[in-house]
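# Report on the structure
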Amino acid sequence: MASKGLSLLLWVFFVHLAGIYLYTRGFLLTRLALSDINQCQDGTCTLPPTHRKAVVLVIDALRFDFLSANPPEPQSPYHHNVITLPQELTAAKPTHSFLFEMFSDPPTTTLQRLKGITTGSLPTFIDMGSNFGGSSINEDSFIGQLRLAGKKIAFMGDDTWTTVFPDSFEPNMTFPYDSFNVEDLHTVDEGVIEHLFPLLQEKTASWDVLIGHFLGMDHVGHRLGPDHPTMRTKQKQMDDVLRRVVELLDDDTLLVLLGDHGMDRKGDHGGDGDLETSAALWVYSKGPQLLHQKADIPSYLLTTRFFPGATVENRHVQQIDLAPTLSLLLGLPIPFNNLGTVIPELFWHDHAGTDYTRALSINLQQVKRYLDTYRASASGGELDAAWSDLEQLWEAINLKGSSKNQETQWLAMKAYTREALAMCRMLWAQFNVSLMALGLVLLVTGTIAGALLYFKLGALQDKWEGWVAEVRRWYISSAISGAFLGFIAYMMVSRYVKGLGLFDALLFGCALSSSLVAISSALPPLSSLSLRSPTSLPLPLILHALAFASNSFTVWEDRVVTFLLISSIAPSALAGLSAPTSRLRARILGFSALFAVCVRLMAASTVCREEQQPHCHVTFFASSSLPSPPLPVLALSVPVALALPWVVKRFLRISQSDKGTAAIILPWILPGTLLLGSAFWVLEHLDSSEALGPEWAGTLRSVRTLCARLAFGGVLFLGYALWWLVPLCLKISTETKGNSAASGQAGQREVTVLGFANAYGAPYLIFWCLFLGLLYPSMQLTGQIVLALATVAVLAHLEVVDSIRDVRGLEAVFASGNPSAILQPELLRATSLPLRFSEITPLALLAMHAFFATGHQAAIPSIQWKAAFVLTPSLAYPFSPLLVIFNTFGPHFLIALATPLVALWNVAPLPQPASDIKIRGDAVRASLGMMLYHATLLLSSAVCSAWLRRHLMVWKIFAPRFMLSALTVVVVDLAVLFGVAVGVGRVSERVSKLFAAMNPKHTLLYSAREGVVFVVRGDSRGPTAVSRALRRTTMGSIRIPNFPAFCSPHFELRSNPHCRAVTHLAEKWAFSTPLFLDAEEEARLPGARLGLLAALCFPTCDASQLLAVTKFLIVVMHWMDRPRSLYADEEIFDPIWAKYLRPTTRRDWQKRFQRHLAAFRYGRALLAQDAAEGVIPDLESYIGIRRDACGVKMFLDLIIYAGGLHVPQHIYDHPVLRRLRQDAADIIAWSTDVAAYAQRPHSGNIIAVLMHERRYTAQAAAHFAGNLVKDTITNFLTNETSLPAFGERDADDVRAYVQGLRDCIVGTLHWLYETDRYFGETAEDVRSSGWVFLS
C-alpha cells in the first residue's frame, strides 16, 4: 500500500529532475574550447627568449596585499609585510623586479585558475564543479607549448597540475601531493621544499621549467582564517623559501611567483569578491633587465587600481595576461585560445619599446586568429552582435604603419585585445534558449501538476489509494507514449533546434506527456475553484518566489526568510487568541512564542555575502576573518548536546510517548551521538588554535576522528538498527481482573497502553532524531546549536498545528447542525479536518532559515570545507565530498524529513485500517506540499534567471541562486521520499499490525487530554481491544475549563494555618453526633475536604471561627445531598448558631443570615419539586433560584462573622458592593454546577438548563457556562475598581469584606479539584486537561 503514495512522489521527483536537467543544459553551457594548436615554423609567432629557463612558483591563495608594500589600513600583523622579499627587490631593482595585482576570473577555484593561467582562456560558471574531479585540458596551453618545444618540466606540489596535464611532466621530476586536505597545513609545502632546492642546486640543470605549487597558506586560510598567528608563520616560511630560491637562481633563469586566486576575509574563495579575485604576481630576473632604464611607457598601457582599503595605487593586470607574456618571454608561441594581453614592462627592452611592439603584434594576430576560427565554428553565431564593433577596431589597426604613429598603433592593438576579452566575458557561457524553454515548460507543468495532486489527495481523503493505483497506470503509459512522440519530434526538428539531443527529446516528451495527464486527472471541477478567504492564499510562498526578481532581495534572502517565517505563524497566533478554551489559547500562544524565539535565536547566526557588506556582521564565526567558533558557542556546545534529547523527551511526555524505543534512544544513544559530535569540533578548535601546543596535534586529530566515527557508527549501526527492529514508542501492560477460582470463571484481561494517542508520530520523531544525530557531527559548533533550535522549533510547530486542529474541530462542531458530535472527538480530528498548506509553509521556510543560519549562503565561498575531514584526517573518496554535501544541504534534508510529522503527530491508531490509510495519505500529501513549495521557488528562480540572463549580476547573484534552488529541490525530494518510504512505511506497518485485530467495542479508555493512560479491556480468552480515538469512552465525556486559571494573576490563594486541626475536630463532631450522617455520608466526608474549603476561603480567622464555618459546611452539604433532611435535621444547625454565630454578630447580620437560610430551604424545595415533576426552568429563572439554593449567600455572610467586621447596612446595600457580592455568588454557583455535572448529569444544574433551553450539547453547554464564569470574574474585577471611598471608620472593614469575597472565589475554584466530591481520583488529570467522563 505504501508503494502507491511513494510512486506518486517518485513521479513528481522525476519531472523535477527532467526540468532541472533541460534548463541547466541550456543555461549553464560550457565554453566551446577549440582544439587548434598555435604553431609557426618560420618563427613569426614567437620572440627570441629573454631567459633559457624559468622557475614558476604558485603560492595558493596569495592575495596581492600579502606582497604589497602599501597594504590596506588597518594593517594585519599576521599577513601584511611578512613576505617582504618581492617588495624589497622591486624597490632595489625596479628594472629587474615587478610586482602586479592580477584579476582572477571567477570562479576562483584552483583548477579553473590553472586553466586560465596556462591557456589564457576564460572559464564558465559550471566549470566550478569540476574543481573536485578535474579532467585534463584539451586545448592549447603554455605547458603544451613547452612540450612541443622539447622542454623538460619539473613539478612538485598540488596534484591538480598532474590531473590537468597528466603526461606533461618528467616522470623522475614529478612529485604531486594531495591538494584537498585542508587539515594538513604543512605536508605539501614541505614536499615542495624537499624537491625544489635539490633541483635548483644542480650544476647542470636537468629541467627547463620548474613548477612548484605551495598549498599551506590556502589551507591556513580555510581552516583558521588570514588573521591567525599560523598565517604569519606560514608566510614567514614562504619568505624564507623565496630568499633561498633567489639565492640559488642563475642569471639565465626567470622567476615567476603568483597566486592562483585570493581569499576573502575568513580565508575562503570560489566566488567573485574583490578579495577572492585579487592575486599577486611577482616577476624577477636576476640576470638581464626586463625594463629599459629610460623606458617611458605611455600611461594608457598601464592600468592601475586601488586595492580595497589601500591608499596607494598599484599596477593591475589580468591573470590570463600571464599566458601570452610567459610564452613569449621563453620563446614559445602564444596558446591558440588565449584572450590575454602581454604585459608591457616585461618587453620594454629598449627606449622605443620595439620588442613590446612586436610582442603586442604577435598577441593581436593570435587573438584575431582565435576569434575568426571561433566564429567559423558551430557556436560562432554568438559573436554576431559584437562582430561589427570588433571589425571596426581591426580596420583601425595598421600593422605596417610607421613608427611616427606607434602610440596610436599600441592604443588600437590593446583596444582590440581588451574589447575581445570584454566581449567574450559577456558571452562566456552560451545560452541555449530552446533547451531553457523546454526546461521551463517542464518546471511549469510539473509545478501545476504537483499543486493539483496536492488538492486532489485532500479531496479524496480515505479513497486516495484506489485513485492513485488507477492513475499510476495512466502516468506510466503516457510517459512511454510521450517518449515515442519525443523521438518523432526529434527526427523532425533536431536540425532546426540547436543543441537538442535525442535524450533531451525523449526526456521532454516523457515528462511533459505524463505531466499533462496528471493535470487532467487531478483537475478539480470549475465550481470548486473559489477563494475561501484571503488567509487561504499561500502568501509567504508568493512573496518568497517574487523576491527572486530583485537582486537586492536575493542578496538579502536570509533576512527575507526570517521575516516570512515569523509572519507565517501569525495566523496561528490569531487563532490562539480566539481559541474556545483557555488551555488551547495557552498552548497555541505558548508554542507559537517558543517557535518565534527559536527562529529569532537562529537568525542571530549569520555569515555575510560580499554584497551585504558593510551592513552585515558575521556571528557564525568568531569574526569575519577568524573562522573559529565564538566563545559563547564553545561554552554552550556541550550543554546543548545534552539538553536537546531531554527537550525532545519532554515533548513526547505530553502524550506519554516517551516509552518503548524512545526510552532507549533519547536518554542514551542520541545524547552520546550529539556529545561526540560536539566533542569533535571542540577538539578541532583546540587543535587548530594550538591551545595545548603543537605537540598535541596528532593526538587531538586521532581522538576527534574517533569521536566522529563513533557518532556516525552509533547512529547507523545501533540507533537505526534498534529503531528498525522496534520502532514503536508504546508501553503495554496487562492485568487480569475478576478472576474467580471458586466459580471457575475466567476474569477479564485489562491492557494499559501508554503512548497510544501519538502511536504514529512518536516513532517517526525518533527516526527523524536519528538523522539529526547523523547530521550533527558534520556541522560546526554554531551550526549544531542552530540545529538544536531548529529541532525545538519543529516540535513547537507540531504542537501548534495539533492545537489548531483541536480549535478547528470545536469550531466546526459548534457551527454544524449536529453539535452532539462534540462527544465524539474522533469526528473532530478525522477526515473532516484535512491537512492545510499553511501547516507545511513554516517547515519549508524553516529549512531555508536553517540553511542560512548554519553558515551558508547562495554563494560558493560559504561552502565549509572543514566538513570533508570529519571522518578522515585526509581526503578520502567518497566520504569527503559527501560530508561537504551533507554539511551544506543537511539542514534542508533534515527539515524536509520532518514533513510527514505534520500528518502523523497525535493521531491515534484506531480504527484500523481507516486510521492507517489516513495517515499515509496525509503523509504523502504533506510531502507533496513540501516538494511544491521548493519547486515553486525553483520555477521562480529559473524564470528570473532566464529573463535576466543578460543582467550584470546574473553570474554573481541569479545563477548561484538558481543552482541552489535546483539542488535544494533534489535534496528536499530525496528527503521526503526517504521519509515516506522508510520512516512512514515502517511505522505504518508496525502500528497497523499491532492494532489491526483490536475491537473498539470491548474497550474502555481512561485518559487526560493527551491520552496519557489507556485501559484496554477484552475477554481474557480472546484478543484485547483499544479505543479508536483520543478522549473517547463508552460513557461519553466533556471538557471543562480550568477554573483556577481564570483567577491568575489577579487573585492570591491563601490558606488558614489551623486547617488540619480544625478538620479533624469537625469530622470528629460529625461522626459523634447521633442521627446525623448515614454510613455512605460518613465514608465520603474525609474525601470532601470541607475543612480545606473553609481554610482556603477564610484564611485569616481564628481556630474557633474556622471550626464554626467547617461545621456549617458539613451541615449544608448534608442538607444538599439529602433534601428530605433539610427541616428534620434543623436541630443539628442550632448548636452552631447558638454557640458560634449569634454571640459574636450584630443583629442586622443575624437577620440577613436567617433570611438567606430560609431562601436556601425554599430554593432547595423548588429544585426538588422541579426534579420530581421533570420540569427544567429557563436560564434566567434558574440563575435566580440557584443563587439561593446552593447556599452561597450564607457562605458569603460568614465573611463578616469570620473577619469580625462591621459593615453598616447602607454600605452593605451599596450598588457596587451588591454587584461584587452577586458576581462572587454566581462564580461559585456556576463553577460548582459545571463540576457537579460529571457525577450527576441528569440532576438540575446550569448545563442541563442550557442543553434544554438552547439545544446545546453537554460540551457546548459546559463551554458556555465556563465563559460565563470567566466573564463574571472580569466583571468582578471591573466593579472592584469602581468601588467608592467610604468613611475612614468603615474603609478598613469594607476592604476586608471585598478581600473576603476574593478569598471565597479563589478558594472555591481551587477546592473543586482538591475534593473527591466531583472528580475523585481523576482531579489532577481534569485540572491539567479539562476532560471528565460522565456517569
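See the structure above.
This section reports on the structure supplied with the text. Quick caveat: nothing in here was measured; it's all calculated off a predicted structure.

What counts, and where the lines are drawn
Residue positions within a chain follow its written sequence, with the count starting from 1. Where local features are concerned, this predicted model is filtered to residues with pLDDT of at least 70; where side-chain atom pairs are given and counted, the filter is 80 or more; whole-chain, interface and lining totals use all residues. Remark: hydrogens and water are excluded; side-chain values derive from all non-hydrogen atoms of the structure. Among the buried residues, those of types Ala, Val, Leu, Ile, Met, Phe, Trp, Tyr and Cys that are joined through side-chain atoms within 4.5 Å form a nonpolar core. Only protein chains enter the accessibility calculation, which uses a 1.4 Å probe. A residue is then buried if its area is under 20% of the maximum for its type, exposed if over 50%, and partly exposed in between. Only DSSP runs of H or I reaching four residues or more are called helices, and only runs of E reaching two or more are called strands; each is numbered from the N terminus. Any two residues whose heavy atoms approach within 4.5 Å are treated as being in contact. Put simply, two rings from Phe, Tyr or Trp (the six-membered ring, in Trp's case) pair if the centres are within 6.5 Å, and we call them stacked under 30 degrees between planes, edge-to-face over 60, tilted for the rest. Two limits define a charge over a ring: the Lys NZ or Arg CZ must be within 6 Å of the ring centre, and within 35 degrees of the ring normal. Whether two strands pair depends on DSSP finding at least two bridges between them. The axes are straight lines fitted to the C-alpha atoms, using for helices just the contacting stretch, and the angles between their N-to-C directions are given from 0 to 180°. By this rule, a helix spans an expected 1.5 Å times one less than how many residues it contains.

## Some points on the nonpolar core
Formed by 155 residues in total, the largest nonpolar core has its most connected members in Leu453, Leu765 and Phe771. The element contributing the most residues to this core is helix α26 (residues 781-815), with 18 residues. With sequence-adjacent residues up to four places away left out, Leu765 is seen in contact with Val648, Leu652, Leu795, Leu901 and Trp905. Counting residues in each nonpolar core, the second largest holds 110 residues, with Phe1043, Ala1238, Val1294 and Phe1319 among its members.

## Here's the deal with the packing of aromatic side chains
Within the structure shown, the criterion is met by 45 aromatic pairs. The structure contains a cluster of three or more aromatic residues connected by ring pairs, namely Tyr720, Trp723, Trp724, Tyr764, Phe767, Phe771, Phe886, Phe893 and Phe978. Taking NZ or CZ as reference, Arg1161 lies 5.8 Å from the ring centre of Trp1119, over its face. A cation sits over an aromatic face here: Arg1221 above Tyr1212, 3.6 Å from the ring centre.

## So, the pairing of strand β3 (residues 153-158)
Across the six residues that make up β3, a large majority, six, are buried. With five bridges joining them, β3 and strand β5 (residues 209-214) adopt parallel strand pairing. Its bridge partner lying in β5, Gly157 is registered against His213. Pairing geometry for β3 and strand β4 (residues 174-177), over four bridges, is parallel. What sits directly across from Asp158, in β4, is Tyr177.

## What to know about the sheet that holds β3
The nine strands are arranged β4-β3-β5-β1-β6-β7-β2-β9-β8 in an open sheet whose pairing can be described as mixed. The sheet terminates laterally at β4 and β8 (304-306), the two strands that pair on one side only. Strand-to-strand, the axes of this sheet are offset by a mean angle of 25°, without reference to chain direction.

## Regarding helix α12 (residues 384-395)
Here α12 spans 17 Å end to end across 12 residues, near enough to the 16 Å set by a 1.5 Å rise per residue. Residues of α12 that are buried in the fold lie against α11 (354-375) and α13 (406-426).

## Observations regarding the environment of Thr311
Mapped onto the fold, Thr311 is located in the loop between β8 and β9 (313-318). A relative accessible area of 63% places Thr311 in the exposed class. With 238 residues separating them along the chain, Thr311 and Glu73 place their C-alpha atoms 8.1 Å apart.

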